[in-house]
Amino acid sequence: MKPLGPGDPLRLGPYRLLGVLGEGGMGKVYFGQDGQGRQTAVKSLRPELAHDQQLVQRFLREAQTARSVTGKGVARVLDAQVEGGRPWIAAEFLAGPDLEQAIATHGPLDVPTVHVLASALAHALHEIHGAGIVHRDLKPANIVLTSDGPRIIDFGIARPEHGLTLTTTGQVPITPGYGAPEQVLGHRVGPAADVFSLGAVLVYTAGGQRAFAGSHVAAVQYEVVHGQPQLFHVPEPLRALIAPCLAKEPGMRPTPEEIAHAFVRPRHVEKVWRQGSLAPLIGRYETEAARLVPAGPTVTPMGRGRRGFLTALAGGGAVLALGGGTAAWRLKDD
């Protein structure tokens, strides 16, 4: 975490800002704390961009979509306002590595842990789809592992189930190798696209290698549409469970409910994250998060001003993930 700079606010709404977690072309993510001592990640749009109403609306749609999903499998958005012309969104701070970092540090997960992860993610997708939302960008970097289990983050390109794809000529707002064939082709996208992405995530998790590879983006996307997934590194017991998720035709893929049923969960599933092989790694992130909070009393929350306070949100948008893995947000330039 970096210290606050000269142009950084000391407070946004009821949140005291303690440092900068990261920044990108659109804004910054601050580490904050409310009057009850809760750690938060507060994302603020850059002041020079706040005059662009279309961009502001797009920014605030992040909170709208995330708030429509109330299950425990996603990171919760706590508040969203426009204060003094500066739009910001506050989300819970997640202490833990994202799945990409975990695999890079720990290596592929064992078969029982993959079962637990797959079941938890399938349940989370069921919650997301139950809210009428398609995530559209499920990938290892958008899954944070905490001591309470995995959490899906970043609804940056999420849309209602009936929404058309965002893909346009020359633009691919999906991560190559994880977006479904229908996304690559610019077709209408439904919940089955998230199932395809889940299959690709599980291949990487279980084998340490991507399901679709290529020397450049176009080659990877060609493999997604026309090639076969590379499952050689996936342990045999898992191949038959994961392969159906990667079917080219959306209608041939299992539903999240079927996936959750197929992957067996142990009775005391919480032990996987608190006592399993990943527990020490998760613990290091929790320790670092605790160090970010200064000693002493917290500041009493300020009253919410009238100017620009958003009392109701409705639309589609994004909880994101910061690259450091300790916050539940990532800044994007798109």
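Residues numbered from 1 in each chain as written. Predicted model: local features only at pLDDT ≥ 70, side-chain atom pairs only at ≥ 80, totals over all residues. Heavy atoms only, no water.

Details of the pairing of strand 6 (residues 86-92)
Counted only if it meets this: Buried means the residue's accessible area, taken with a 1.4 Å probe over protein chains only, is under 20% of the maximum for its type, while exposed means over 50%, and partly exposed covers the values in between. Secondary structure elements are defined from DSSP: runs of H or I of at least 4 residues count as helices, runs of E of at least 2 residues count as strands, and each element is numbered from the N terminus. Note on pairing: DSSP must find at least two bridges between two strands before they are called paired.
The buried fraction of strand 6 is high, at seven of seven residues. In strand 6, alternate side chains face the same way, and those of Arg86, Trp88, Ala90 and Glu92 on one face and Pro87, Ile89 and Ala91 on the other are all buried. Relative to strand 6, strand 4 (residues 39-45) runs antiparallel, the two being bridged by five bridges. Looking across to strand 6, one finds that Lys43 is bridged to Ile89. Bridge analysis of strand 5 (residues 77-83) against strand 6 gives six bridges, and the strand direction is antiparallel.

What to know about the sheet that holds strand 1 (residues 11-12)
Inclusion rule: Should any heavy atoms of two residues lie within 4.5 Å, those residues are counted as being in contact. Axis lines are fitted to C-alpha atoms, over the contacting stretch for helices. Their N-to-C directions set the angle, which ranges from 0 to 180 degrees.
Taken in spatial order, the six strands line up as 1-2-3-4-6-5 in an open sheet, and their pairing is antiparallel. The strands lining the two open edges of the sheet, one partner per strand, are strand 1 and strand 5. Across the sheet, helix 1 (residues 53-68) is in contact with strand 4, strand 5 and strand 6; its angle to strand 5 comes to roughly 160 degrees.

A short note on helix 10 (residues 279-292)
Rule in force here: Residue count minus one, scaled by 1.5 Å, sets the expected span of a helix. In this description, one arc is meant: the one made by directions from the helix axis to the C-beta atoms.
Spanning 14 residues, helix 10 covers 20 Å between terminal C-alpha atoms, matching the ideal 20 Å at 1.5 Å per step. Taken together, the buried positions of helix 10 are occupied by Ala279, Leu281, Ile282, Tyr285, Ala289 and Leu292. The arc that holds the buried residues of helix 10, viewed along the axis, is 165 degrees, so those residues lie on one side. Along helix 10, exposed side chains directed more than 90 degrees from the buried face belong to Pro280, Arg284 and Arg291. Where helix 10 is buried, its residues meet strand 2 (15-23), strand 3 (27-33), strand 4, helix 2 (99-106), strand 8 (143-146) and helix 9 (270-275).

Observations concerning the nonpolar core
Basically, it comes down to this: As used in this record, nonpolar core signifies buried Ala, Val, Leu, Ile, Met, Phe, Trp, Tyr and Cys residues forming a set joined through side-chain atoms within 4.5 Å.
Ranked by internal contacts, the top residues of the largest apolar core, which has 55 residues, are Leu145 and Leu246. A total of 10 residues in this core trace back to one element, the largest contributor, which is helix 5 (residues 191-207). Filtering out sequence-adjacent residues up to four positions away, Leu246 remains in contact with Phe196, Gly199, Ala200, Val203, Ala211, Phe212, Pro229 and Leu231. With 12 residues, the next largest nonpolar core counts Leu45, Leu55, Val77 and Val82 among its residues.

A few points about the environment of Ala124
Here Ala124 lies in helix 3 (residues 111-130). Counting along the chain gives 51 residues from Ala124 to Gly73, while the straight-line C-alpha distance between them is 4.7 Å. Leaving out residues up to four positions away in the same chain, Ala124 has contacts with Gly73 and Ile152.

Quick look at the pairing of strand 4
The two faces of a sheet get side chains in turn, since along a regular strand they alternate between them. The buried fraction of strand 4 is high, at six of seven residues. For strand 3 and strand 4, the ladder comprises seven bridges, and the chain directions are antiparallel. Residue pairing for strand 4: Phe31 is matched across the bridge by Ala41.

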